[in-house]
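Chains, contacts and geometry: an overview
One letter stands for each residue in the lines below.
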Amino acid sequence: MVRNLGRMAVLLPAGLVLASWLLWTPTGLLGKADAVGYAVCHQIDLRSFHIGVRALPLCSRCMGMYLGVMLSFAYFIARRRGRAAHFPPWPILVCLLLFGAVFAVDGLNSYLHLFPGAPGLYEPSNALRLISGALMGVLLGAVVYPGFNQTVWTTWQEAPNLTSFADLAGLLGLGAALIGLVLTENPLILYPLALVSTLGVVLLLTVVYTMLLLLVLRRENRAESWGQLALPLVGGLTLAFVQIGLLDLGRYLITGTWSGFSL
């Protein structure tokens, strides 16, 4: 009885939050993806890839970042490091931090080009934004993934998610191939990748909120299977959509439109 009440206490708010968000946001699959992107991305038309005349839900930099997160998680699982709970060795971690520096420098340079006459290091482009975003996504994936495993599982793998520079090179090679696919700007490729990138937003927020929820409730390191982790994940997903919904609402009240910012 108590267990069923506990489930209802999680599932009922989750259903209400998700239903409200689905009803309030634009229609269609890309419309929902736009609403996710609307909460985390400026969605400036000139800084986004397009399917025809339609901008994708995330700008080129955000698209690269969340694709990088999704690719990293998939890579770790494919390499049988599903519960790897150690961070990469320091030399690799330093390299990953350099990816973050590349992201910051390219972002600052791109921002400065919003102001005529402002100094800039080089001419920005959507290709460079995509690449720097993807590198940042690899960094986020490599840091968040072991943190999640350390928080949720009773037992985990005593191994890093990235073991060597060869391992990192394999991940970066797949990232380069993914970037190449985006740069073809083929609508048949962009459409599914646009959806995957917005799922990356939801996944990353869900993972982070699940960790925070378990830490706040002092229920970390109790799950032995994904089934036992189901309710915490639903709670994390609910909190993720609470954040997305509140940001959507705030931005819509300020701008009065679902469109991205205009330069």
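Everything quoted here is computed from the prediction, not taken from an experiment.

1. Quick notes on the overall build of the protein
Within the protein one finds eight helices and four strands. In summary, the protein has a C-alpha radius of gyration of 19 Å against a globular reference of 18 Å for 263 residues, a match within 12%. Overall, the protein is about 65 × 45 × 35 Å in size when its C-alpha atoms are taken along their principal axes. Across the 263 residues of the protein, 43% fall into the buried class. Summarising the internal contacts of the protein: among those between residues at least 6 apart in sequence, 77% fall at separations of at least 24. When the accessible surface of the protein is summed, it comes to about 13300 Å², and 71% of that surface belongs to carbon and sulfur atoms.

2. What about the packing of helix 3 (residues 60-78) against helix 5 (residues 126-152)?
Where helix 3 contacts helix 5, the two axes come as close as 6 Å, and the packing angle between them is 40°. Regarding the angle of helix 3 to helix 5, the classification is oblique. The hand of the helix 3/helix 5 crossing is right-handed. The residue inventory of the contact of helix 3 with helix 5, partitioned by class, reads 13 nonpolar, nine polar and two charged.

3. Details of the confidence of the model for the protein
On average, residues of the protein score 94 in pLDDT, and 97% of them are at 70 or above. Ranking the helices and strands of the protein by mean pLDDT puts helix 3 first, with 98, and helix 1 (residues 2-24) last, with 81.

4. Focus: the nonpolar core
Core analysis: the largest hydrophobic core is formed by 58 residues, its most contacted members being Met-63, Leu-96, Leu-162, Leu-168, Val-182 and Ile-244. The greatest single-element share of this core, amounting to eleven residues, is contributed by helix 5. Those residues in contact with Met-63, other than ones at most four positions away along the chain, are Phe-49, Leu-56, Leu-58, Val-182, Leu-190, Leu-193, Ala-194 and Ser-197.

About the criteria used
- Residues numbered from 1 in each chain as written.
- Predicted model: local features only at pLDDT ≥ 70, side-chain atom pairs only at ≥ 80, totals over all residues.
- Heavy atoms only, no water.
- Helix = DSSP H or I, 4+ residues; strand = E, 2+ residues; numbered from the N terminus.
- Rg over C-alpha atoms; globule rule 2.2 N^0.38 Å.
- Buried < 20%, exposed > 50% of the residue type's maximum accessible area, 1.4 Å probe, protein only.
- Contact = heavy atoms within 4.5 Å.
- Areas by Shrake-Rupley, 256 points an atom, 1.4 Å probe, with all protein chains shown as cover.
- Axes fitted to C-alpha atoms, helices over the stretch in contact; angles between N-to-C directions.
- Parallel < 35°, antiparallel > 145°, perpendicular 65-115°, else oblique.
- Left-handed = near helix turned anticlockwise from the far one by under 90°.
- Nonpolar A, V, L, I, M, F, W, Y, C, P; charged D, E, K, R; others polar.
- pLDDT = per-residue confidence, 0-100.
- Core = buried A, V, L, I, M, F, W, Y, C linked by side-chain atoms within 4.5 Å.

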